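Residue-level listing of the chains:
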Amino acid sequence: MDAATLTKPAVLILLGPPGAGKGTQARLLEQKFGLVQLSTGDLLRAAVKAGTEAGLQAKAVMEAGDLVSDEIVIAILRDRLGEPDVARGVILDGFPRTTVQAEALDALLASTGQKINAAISLEVDDAAMVSRISGRYTCGDCGEGYHDTFKSPDVYGICDKCGSGNMVRRADDKAETVASRLEAYHAQTAPLIAYYGERGVLKTVDAMLAIDDVASAIQQTTAEAIA
Ligand code: AP5
């Protein structure tokens, strides 16, 4: 199944710790299936940059590696889900991250007659996460992600996708912040693996493999889940 044959709105969740590859894989799924990537991290960073009320409240929390309040994140996601481009279906990248967010998502989808096709858990060990995050950089213009070791652009410093030379590193990718993000993941987000397991939509993928191999596994799982 691909973008041309997808007939009903799909809802996919990518679950996983910081650096698991959620953003990398969500972008590949977007291209393959025509779904829209909704990253609450990206939405929050845009709010911080725009200086909105939510962004002002989120900034210090994100820089400390803690989770932004459920209230702010749910409101941001609800607004984004109301925009017309998501009608074909979405890949939720980094949401939900708490049980309260998962329950809010269930209620939101129930109100529009939608359901979760799959919650795909990217399994990766803590040491790999730290090395992935510390080597990560992104094109500041189109958002394409790169890594010092695992994914370099064809020409050093130049984005393969849009040709920009504006590469940026995230403020929360410092070693001390990464430790807090991992702690928040284990305490507040990892319980969602059981939450979706109990609802029969959990799929797991070995995210320690190379990017292309993880992509194949996730794309096969997605094709089955949205068929
Ligand atoms: P967010 O932006 O969601 O960050 P995160 O979950 O910490 O995840 P990352 O973006 O760091 O990693 P990723 O899994 O997308 O990995 P990537 O593909 O980039 O959240 C940031 C902050 O916002 C949070 O800390 C919180 O404060 C707040 N927030 C966001 N959502 C929230 C919510 N719902 N509730 C409350 N607060 C929220 O890959 C990482 C690197 O590894 C890349 O360089 C990539 O090239 C490389 N890589 C990827 N896959 C592989 C592979 N298989 N092998 C080798 N390298 C790989």
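Computed from a predicted model, the values in this text were never measured in an experiment.

A word on the pattern of salt bridges. Oppositely charged side chains can pair when the atoms bearing their charge come close. Using the criterion set out here, one finds 13 salt bridges in the structure. Close ionic contact of R80 with E83 constitutes a salt bridge, the shortest N to O distance being 3.1 Å. By relative accessible area, R80 is classed as buried at 15%. You can call E83 partly exposed: its relative accessible area is 37%.

The next thing to look at is the environment of I120. Counting through the fold element by element, I120 comes out in strand β4 (residues 118–123). Once the C-alpha coordinates of I120 and T138 are considered, the two residues, 18 residues apart in sequence, prove to be 24 Å apart. Those residues within four positions of I120 in sequence are excluded, and the remaining contacts are I13, L14, L15, K203, V205, I218, T221 and T222.

What follows concerns helix α8 (residues 191–198). By the burial criterion, the buried members of α8 are L192, Y195 and Y196. The arc that holds the buried residues of α8, viewed along the axis, is 85°, so those residues lie on one side. Buried residues belonging to α8 abut β1 (10–15), α5 (99–111), β4, α7 (175–189) and β8 (202–206). Following α8 by one or two positions, G200 adopts a phi angle in the positive range, close to 75°.

Formed by 27 residues in total, the largest nonpolar core has its most connected members in I13, L44, L92, L105, I116 and Y196. Secondary structure elements with two or more residues in this core: β1, β2 (36–39), α3 (53–64), α4 (70–81), β3 (89–93), α5 and α8. Top contributing element to this core by residue count: α4, with 5 residues.

The next subject is the site of the ligand. Contacts to the ligand come from 34 residues, most closely from T24, D66, R97, R136 and R181. Taking G23, its main chain carries an N or O atom lying 2.8 Å from an oxygen atom of the ligand. A distance of 3.1 Å separates a nitrogen atom of the ligand from a polar atom in the backbone of V68. For the ligand, whose accessible area on its own is 1000 Å², the fraction buried by protein is 96%. Contributing elements (two or more residues each) for the shell around the ligand: α1 (22–33), α2 (40–50), β6 (145–147) and α9 (211–226). Considering every element that reaches the shell around the ligand, the biggest residue donor is α2, with 4 residues. A class-by-class count of the residues in the shell around the ligand yields 16 nonpolar, 9 polar and 9 charged.

Definitions and cut-offs
Residues numbered from 1 in each chain as written. Predicted model: local features only at pLDDT ≥ 70, side-chain atom pairs only at ≥ 80, totals over all residues. Heavy atoms only, no water. Salt bridge = Lys/Arg side-chain N within 4 Å of Asp/Glu carboxyl O. Buried < 20%, exposed > 50% of the residue type's maximum accessible area, 1.4 Å probe, protein only. Helix = DSSP H or I, 4+ residues; strand = E, 2+ residues; numbered from the N terminus. Contact = heavy atoms within 4.5 Å. Arc of directions from axis to C-beta. Core = buried A, V, L, I, M, F, W, Y, C linked by side-chain atoms within 4.5 Å. Near = heavy atom within 4 Å. Polar contact = N/O pair within 3.5 Å; in protein donor to acceptor, adjacent residues only side chain to side chain. Areas by Shrake-Rupley, 256 points an atom, 1.4 Å probe, with all protein chains shown as cover. Nonpolar A, V, L, I, M, F, W, Y, C, P; charged D, E, K, R; others polar.

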